Amino acid sequence: MSVRAPSRPGFLASVASVGEMDVALAAGADIVDLKNPAAGALGAWEDGALRAAVARWRAGAATRADLSATIGDHPLATEAICAATARTAEAGVPLVKIGFPLPAEAAGDALAPVLAGLRPLARSTRLIAVLFADQHPDLSMVPLFAEAGFHGVMLDTADKARGRLGAHLGVEALAGFVASARGLGLLTGLAGSLRLEDIAILAPLGPHYLGFRGALCADGRTGALDPARLAAVRDTLRGRAAA
Ligand SMILES: O=C[C@H](O)COP(=O)(O)O
């Protein structure tokens, strides 16, 4: 599966409710990401809300925005990850984001059964692996996700109190991650308490999208979305392309 290289990074906005989904769509987000920030880095929505959001998104099919959802924070255990992924996919979410706590010191063997369990789901739903920059991730494992049929891979941070993406991985490491994932035909994303000023640093690395939550809220990532902040991120991303 190959993913076209971007002329500019797209705008992923994480939203906590159907109302916020509407706000993000109106603001021109490229991917609206259903996530419960109060329940953790990759906090999941309840089934009913997921299905309502999917129905609303489908009804507004004129929008070119894509729809993703996170499955919740889970340990690297096959049963828990596969069940949560299946639940999210069955709700009709087209892009499902799955967190993999993959510290470099962890045995690669721990990943194999999880990927084997997810492989059938990857045939019908676009799966995105999320690695956590603040957990010393083993980025050499990225090809394993491509081999398992994943659509994409992204970096985020697990502990939002421990600084932004750039506090954990330098530009060189991030550039290497993006280049190697793109080379494998994967959709690539970067996130992790990003602020407006991170866009100028990260956009030139060529990720397909940059993901935001905290920077879009007036009172922190568990607060409400602020349309003015959404517009500022959108405009900065677009201005970058025009430059
Ligand atoms: O997927 C993107 C995340 O929701 C980013 O959240 P954050 O900006 O609060 O780290």
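Each chain carries its own residue numbering, running from 1 in the direction its sequence is written. Side-chain atom pairs in this predicted model are given and counted only at pLDDT of 80 or more, local residue features only at pLDDT of at least 70, and totals for whole chains, interfaces and linings cover all residues. Values shown for side chains rest on all heavy atoms present in the structure; no hydrogens or waters enter the calculation.

### Here's the deal with helix α7 (residues 171-183)
Working step 1: Under the 1.5 Å per step criterion, the end-to-end length of α7 is 18 Å for 13 residues, consistent within 8% with the ideal 18 Å.
Working step 2: All of the buried residues in α7 are Leu174, Phe177, Val178 and Ala181. Buried residues of α7, viewed axially, fall in a sector of 90°; they line one side. In this structure, α7 carries Glu172 and Gly183 as exposed residues pointing more than 90 degrees from its buried face.
Working step 3: Looking at the buried side of α7, the elements it contacts are α5 (142-147), β6 (152-156), α6 (165-168), β7 (187-190) and α8 (196-202).
Working step 4: Secondary structure elements are taken from DSSP: a helix is a run of H or I of four residues or more, a strand is a run of E of two residues or more, and numbering for both begins at the N terminus. Two residues or fewer after α7 comes glycine 185, characterised by a positive phi angle close to 80°. A helix's residues, less one, multiplied by 1.5 Å, set its expected span. Only protein chains enter the area calculation, which uses a 1.4 Å probe; residues under 20% of their type maximum are buried, those over 50% are exposed, and those in between are partly exposed. The arc in question is the one spanned by the directions pointing from the helix axis to the C-beta atoms. By definition, residues are in contact when any of their heavy atoms lie within 4.5 Å.

### Notes on the pattern of salt bridges
Working step 1: Put simply, a salt bridge is a Lys or Arg side-chain nitrogen that is within 4 Å of an Asp or Glu carboxyl oxygen. Enumeration over the complete set of coordinates arrives at 14 salt bridges.
Working step 2: Put simply, arginine 8 and aspartate 30 hold a salt bridge, and the shortest N to O gap is 3.6 Å. Taken as a pair, arginine 8 in the segment before β1 (10-15) and aspartate 30 in the loop between α1 (18-26) and β2 (31-34) lie far apart in primary sequence, 22 residues in all.
Working step 3: For the salt bridge of arginine 164 with glutamate 197, the shortest nitrogen-to-oxygen distance reads 3.9 Å. Residue arginine 164 is located in the loop between β6 and α6, and its partner glutamate 197 is located in helix α8; the two are separated by 33 residues in the primary sequence.

### Concerning the UniProt feature "active site" (unreviewed entry) in the chain
Working step 1: UniProt positions are given in the numbering used here, feature names are shortened, and annotations may be inferred rather than shown by experiment. As annotated by UniProt and renumbered to match this structure, "active site" (unreviewed entry) occupies Lys35 and Lys97. Considering the C-alpha atoms alone, the annotated residues occupy 63 residues of sequence yet fold into one spot, their largest mutual distance being 9.7 Å.
Working step 2: On the secondary structure map, lysine 35 appears in the loop between β2 and α2 (47-59).
Working step 3: A residue is classified by how much of its surface remains accessible, and lysine 97, at 1% relative accessible area, is buried.
Working step 4: Lysine 97 has contacts with Leu12, Asp33, Lys35, Ser68, Ala69, Thr70, Ile71, Ile128, Val130 and Met154, leaving out every residue within four places of it along the chain.
Working step 5: Here aspartate 33 takes part through its side chain, which lies 3.0 Å from a polar atom of the side chain of lysine 97. Here a polar contact is recorded for every N or O atom pair within 3.5 Å, except that within protein the pair must consist of a potential hydrogen donor and a potential acceptor, and residues adjacent in sequence are included only if both atoms are side-chain atoms.

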